[in-house]
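Descriptive analysis of the structure
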Amino acid sequence: MNPLIFGYMRVPDDMSDEEAKQKQDDLSTYAEKNGFHLATVFYEYVPGAHAAFTELVAAVRHAEAKHVIVSSYRELALNRSLQNAMLTHLFHATGGAEVISLDDRS
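Now for a look at the structure at hand. All chains use their own residue numbering, which begins from 1 and follows the written sequence. In view of the model being predicted, local features appear only for residues whose pLDDT reaches at least 70, and side-chain atom pairs are presented and counted only at 80 or more, with totals across whole chains, interfaces and linings using the full set of residues. By convention in this description, side-chain values take in all heavy atoms of the structure and omit both hydrogens and water.

To pair, rings of Phe, Tyr and Trp, with the six-membered ring standing in for Trp, must have centres within 6.5 Å; the planes then decide the type, stacked if under 30 degrees apart, edge-to-face if over 60, and tilted in the middle. Per the stated rule, a full pass over the model turns up 3 aromatic pairs. Taken together, a centroid distance of 6.2 Å and an interplanar angle of 35 degrees make the contact between Phe-6 and Phe-42 tilted. One end of the pair, Phe-6, is in strand E1 (residues 4-10); the other, Phe-42, is in strand E2 (residues 37-44), with 36 residues separating them in the sequence. Among the residues examined, Phe-6 registers a relative accessible area of 6% and is labelled buried. Residue classification places Phe-42 among the buried residues on the basis of a relative accessible area of 13%. Strands are runs of DSSP state E lasting at least two residues, helices are runs of H or I lasting at least four, and both sets are numbered from the N terminus onward. Whether a residue is buried, partly exposed or exposed follows from its accessible area with a 1.4 Å probe, protein chains only, as a fraction of its type maximum: under 20%, in between, or over 50%, in that order.

Structure representation (structure tokens):
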């Protein structure tokens, strides 16, 4: 069985259904092409909230998964310091899970 990967994305009020679907499809395509099984995608609907991120961390820890995928680190937060804090929290709370950003693909 392919290793699990979890997705995370923000869905602001001004995002169209088509754009949200495309972002989700991009996550699925990456997972499939890179030998992962996309377990689920966690959606953050409230600006500035982190409830879905908290659920994501719990799910990754429970599944003992090692990877999370986002379309961009900006899905975590707009501020780089907060992004780094969230990445560090995820890593330590899950025993080493890392985030793959589609923006950083080579």
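Okay, the side chain of Thr-94 next. With respect to the helices, strands and loops of the structure, Thr-94 is situated in helix H3 (residues 80-94). Thr-94 sits in the buried class, given a relative accessible area of 8%. Between N or O atoms, a polar contact is any pair within 3.5 Å; within protein, one atom must be a potential hydrogen donor and the other a potential acceptor, and residues adjacent in sequence are included only when both atoms are from side chains. A polar side-chain atom of Thr-94 sits 2.5 Å from the main-chain carbonyl oxygen of Leu-90. The contact criterion used throughout is that any non-hydrogen atoms of two residues lie within 4.5 Å. The contact partners of Thr-94, leaving out residues within four places of it in the chain, are Val-57, Val-60, Arg-61 and Lys-66.

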